[in-house]
Amino acid sequence: MTYAGYAGKFLTVDLSSGAIGSLPLGDELAEMYLGGRGFVAKLLYDMLPRGIDPLGPENVIVFANGPATGTLIPTASRIAVGVKSPLTGTISASYIGGHFGPELKFAGWDGIIITGASDHPVSLVIDDREARLEDAGHLWGKDTLESQRLLQEELGDDFRLGAIGPGGENGVLYATFMHVQHAAGRGGPGAVFGSKKLKAVAVRGSGGIAVSLPQAEYIASCKELHDIIMENPVRPAFRWAGTTGMLPVVNASVGLPYRNHQDDQAPDVGPIHNDEIAKYVKRYEACSGCNVICGSVVEFERKGRKYRSERIEHESVFALGPNCGIVDLPAIMEANYLCDLIGIDTMTAGGSISWAMEMTQRGLLTSADTDGLDFSFGNADVLREAVLKIGNREGFGGVLALGSRGAAKRLGKGAEYAMQVKGLELSAYAPRAFTGMGLSYATTARGADHNKAFTVAAEFLGVLGDYDRYDLEGKAHLVKTMQDSTAIIDSLIMCMFTVDLGISVDLYARCASLPTGMEITADEVYTIGERINTLERLFNIEEGFTRADDALPARFAKEAAPSDPGAHTLDVATVLDEYYTEREWDAAGKPRPELLARLGIA
Amino acid sequence: MQYIEFHEEKCIACDLCSGVCSLNKLGRVQPAGACIRVTRDMSESFGAMRCSVCDMTHDRECVESCPADALVWDEAAGVVRFIEEECTHCEACVEACPNVRLDAVSDRIMICDLCDGDPLCVKWCPEGALTWGGAS
């Protein structure tokens, strides 16, 4: 490895044989795919046979750091966890903040490649350059936080840990891998850990990461980047209310999905606002290397049960709250905490519950189908029971453990009420109200993810342009370029929030070149982003995905949101050709040979 | 006497202090080798943060423990200096004081010298959890 910033090696672990080794990171992989999400795309594309069962031993788990991880570049602490998703069947990378990624790099590793499956529960323990598998029979069945606590006691305070809970062990298709309460969640990587009987990963790193410049110069350059964030007027809002500060604002603008996306505005979000959430805060928390500080520890109580937890995030509030017709904040926070304990994705959990609620509303499900639970919209009490049943795959929980698309398929009804793309439930921005988000949900490789082109920045927040939020004009170009620039953020890996805090594409290029010494321009950033998105597309096409899968639930083209005075609908099919043209894909959505040649993918 | 003050309730566990310290002193980002180390009490959920850095009280147990002349009290600057050429790598100083650290990569003793009066950790702390304490 010629470049600084990288550790230069992947740890390889074959759970079937117990063999542990290493794989050098070559210059070409770094130059073409940068890190993080790019490494996940390239490694999974090359390693996975087509058509495998995501929960079979052939699936591969890739942990991947980026070149900026642990190098003082602001927010560069996230690590990608990639698998073929059991929920969607697509390629999928989820990201964990906290301290796990930098610790892994201090231990000397750019990532971990985990193959095969163990026949008994194991933990992977990485102590600098040494790694070993330990029996984890005593942890199996324990929740994510108890598992981490026990392992921490055994190994010592200076290890950074992550574990799955019952959700992953029981094969809930959207199970998470949790580092403290940071989830690698969407798409269900935890279920792949469970299928491999990999209960936990622990790492301690005492080594260092070299950077490309003499220290005084490097420190001054990084400080400039930190100061841009520090001085941004939006920063205090993140710190004060975390991500949920946006929710009442989006709702007031008629852009918050309500009652399983039947409407785009809740009549009243009640206590879901900054001042109320701030009352629960006990201390502020940051990920490694971060000065945004969107995290905090909260204490709350519900029905005599007391909790101490990481503060809830915007998407989790939405999915377990207003989209289920619920604004009871302690009930939503309790359900969120239980999802973390059990190890399931709050967003697909909420999306599955809201599906069951619309099914109930329409008389397609009764309490006889749901083990007596009342899935009426607005019933806050059902959240706790539903989450516990999903984690244990008990009764109707076993149906909801398949996600909304899988649940509808299992029951043979209600597919039109499953608010998902490619099996992944939609996020907290109503596609009819932010049409760029709609197109992004429809075309993103892993399904309806809000974080792969957060066009709300350009359609609502006035960052990155000033687009009409309803009009589709220019959105194909906007979505394509944001998908490409986001792929770089996911590969460095920095936090998405930096987009809203003054870090432009030029500066992301700088964040790639500063630690590594790689010469990289803003244009090249876009090219690497294009390459990653195109390779992810190829993966999906070879798995049988077609143009027909780039579609939103039919509801949005047929019905306007009742609360929207403009009665807007959205049919993304009308701009799909334009989007494919922007991407240099053919009418079937396949990347053209000329594009593959230009990007060096063959 | 000046020293670095730690305000536990303000610490957000971002590790920027140990990151920038290690880069400045060692030329690589390596929190485990930094002069300052911030850790968490892991025995409870989001437990208290702890900071380990020379408190400049100057009982100078590190200096007294050194059988060579590798740790020297610099009275003018009010800090203990590490003289690498004199070090015999006996690690007696690390035993003597929890605020003295060994960089495992270079085998060098790490002790805070207040960055010649302008400590980077204080400058980089985004929450004011580290401040300048004492009078000059």
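Quick summary incoming for the structure in this document. (Residues numbered from 1 in each chain as written. Chains lettered and ligands numbered in written order. Predicted model: local features only at pLDDT ≥ 70, side-chain atom pairs only at ≥ 80, totals over all residues. Heavy atoms only, no water.)

### Some details on helix α19 (residues 475-492) of chain A
- Compared with an ideal rise of 1.5 Å per residue, which puts 18 residues at 26 Å, α19 of chain A spans 26 Å between its outermost C-alpha atoms and is within 8% of the ideal.
- The buried fraction of α19 of chain A amounts to 16 of the 18 residues, a majority that puts the element mostly inside the structure. (Helix = DSSP H or I, 4+ residues; strand = E, 2+ residues; numbered from the N terminus. Expected span 1.5 Å × (residues − 1). Buried < 20%, exposed > 50% of the residue type's maximum accessible area, 1.4 Å probe, protein only.)

### Looking at empty space enclosed by the protein
All names here are of chain B.
- Applying the stated rule across the entire model yields eight cavities of 30 Å³ or more.
- Lining the largest cavity are 17 residues, and of these Cys11, Cys14, Cys17, Cys125 and Leu130 sit closest to its centre.
- Of all the elements in the fold, those that place two or more residues in the lining of the largest cavity are α1 (16-26) and α4 (120-124).
- For the lining of the largest cavity, the per-class residue count stands at 14 nonpolar, no polar and three charged. (1 Å grid on protein atoms, 1.4 Å probe; cavity = no way out; pocket = protein on both sides within 12 Å on 5 of 7 lines; lining within 4 Å. Points joined across faces, edges and corners; volume = space filled by probe spheres on them. Nonpolar A, V, L, I, M, F, W, Y, C, P; charged D, E, K, R; others polar.)

### Regarding the sheet that holds strand β3 (residues 61-64) of chain A
All names here are of chain A.
- Pairing in this open sheet of six strands is mixed, and the strands run β2-β1-β6-β3-β4-β5 from one edge to the other. Taken across any chain shown, the strands that pair with only one partner, and hence form the sheet edges, are β2 (19-24) and β5 (91-96). Here the strands of the sheet are splayed against their neighbours by 20 degrees on average, with no regard to which way each runs.
- Across four bridges, β3 lies against strand β6 (residues 111-115) in antiparallel orientation. Paired with Phe63 across the strands is Ile112, a residue of β6.
- Together, β1 (9-14), β3, β4 (79-84), β5 and β6 form the strand contacts of helix α2 (residues 36-47), whose direction differs from that of β4 by roughly 25 degrees. (Pairing = 2+ DSSP bridges. Axes fitted to C-alpha atoms, helices over the stretch in contact; angles between N-to-C directions. Contact = heavy atoms within 4.5 Å.)

### Some thoughts on the pairing of strand β12 (residues 198-204) of chain A
All names here are of chain A.
- Of all seven residues making up β12, six are buried, and the element is well covered by its neighbours.
- Two strands pair when backbone bridges link them, and strand β7 (residues 122-127) and β12 are joined in this way by six bridges, in the parallel orientation. Looking at β12, one finds that Val125 is bridged to Ala202.
- Sheet topology note: the strand β9 (residues 160-163)/β12 ladder contains four bridges and is antiparallel. The residue bridging Ala163 from the neighbouring strand is Ala200, located in β12.

### Observations concerning the side chain of Arg531 of chain A
Residue and element names in this part refer to chain A.
- With respect to the helices and strands, Arg531 occurs in helix α21 (residues 522-542).
- Although Arg531 lies buried, it forms no salt bridge, and the closest oppositely charged side chain, Glu530, sits 7.9 Å away as judged by the N-O distance.
- If we skip the residues at most four places from it in the chain, Arg531 touches Glu31, Met32, Tyr33, Leu599 and Ile601. (Lys, Arg positive; Asp, Glu negative; His and termini not counted. Salt bridge = Lys/Arg side-chain N within 4 Å of Asp/Glu carboxyl O.)

### A short note on unusual backbone geometry
- Cis geometry is found at the peptide bond from Leu492 of chain A to Ile493 of chain A, where omega equals -10 degrees.
- Mapped onto the secondary structure, Ile493 of chain A falls in the loop between α19 and α20 (505-516).
- Within the chain, Ala567 of chain A stands out as a residue other than glycine whose phi angle is a positive 50 degrees.
- Along the chain, the position of Ala567 of chain A falls in the loop between α22 (555-558) and α23 (573-583).
- Its identity is not glycine, yet Ala13 of chain B carries a phi of approximately 65 degrees, on the positive side.
- Counting through the fold element by element, Ala13 of chain B comes out in the loop between β1 (3-6) and α1.

### As for the packing of helix α7 (residues 215-230) of chain A against α1 of chain B
- At a closest axis distance of 9 Å, the pairing of α7 of chain A and α1 of chain B adopts a crossing angle of 155 degrees. Here α7 of chain A is positioned roughly antiparallel relative to α1 of chain B, judged by the angle of their axes. In terms of crossing hand, the pair formed by α7 of chain A and α1 of chain B is left-handed. Contacts between α7 of chain A and α1 of chain B involve Gln215, Tyr218, Ile219 and His226 of chain A from the former and Leu16, Val20, Leu23, Asn24 and Leu26 of chain B from the latter.
- Partitioning the contact of α7 of chain A with α1 of chain B into residue classes produces six nonpolar, three polar and no charged. (Parallel < 35°, antiparallel > 145°, perpendicular 65-115°, else oblique. Left-handed = near helix turned anticlockwise from the far one by under 90°.)

### Thoughts on the pattern of salt bridges
Residue and element names in this part refer to chain A.
- Taken as a whole and judged by the stated rule, the model has 55 salt bridges over all chains.
- For Arg283, the salt bridge identified is with Glu285, shortest N-O distance 3.6 Å.
- For Arg283, a relative accessible area of 8% corresponds to the buried category.
- For Glu285, a relative accessible area of 7% puts it in the buried group.
- A salt bridge links Glu334 to Arg302; the shortest N-O distance between them is 3.2 Å. Residue Glu334 is located in helix α12 (residues 329-342), and its partner Arg302 is located in strand β15 (residues 295-302); the two are separated by 32 residues in the primary sequence. As far as burial versus exposure is concerned, Glu334 and Arg302 are alike and both buried.

### A look at the interface of chain B and chain A
- With 33 residues of chain B at the interface, the matching set in chain A holds 40 residues.
- Across the interface of chain B and chain A, roughly 2800 Å² is buried in total on both sides, 59% from carbon and sulfur atoms.
- Of all residues in chain B, Val29, Phe46 and Trp124 of chain B bury the most surface against chain A, accounting for 26% of the area lost on that side.
- Counting across the interface, chain B meets chain A through six salt bridges.
- Here Arg40 of chain B ties to Glu285 of chain A by a salt bridge, and the two come within 2.7 Å at their closest N and O atoms.
- Here chain B and chain A share 14 residue pairs in polar contact (both at pLDDT 80 or more) between them. (Buried area = accessible area lost by both parts, 1.4 Å probe. Polar contact = N/O pair within 3.5 Å; in protein donor to acceptor, adjacent residues only side chain to side chain.)

### Here's the deal with α23 of chain A
Residue and element names in this part refer to chain A.
- Val575, Leu576, Tyr579, Tyr580 and Arg583 are the residues of α23 that are buried. With its buried residues spanning 155 degrees around the axis, α23 presents them on a single face. Turned more than 90 degrees off the buried face of α23, the exposed positions are Thr574 and Thr581.
- Against α17 (435-443), α19, α21 and α24 (593-599) lie the buried residues of α23.
- In the stretch just after α23, Glu584 is the one whose phi turns positive, near 60 degrees. (Arc of directions from axis to C-beta.)

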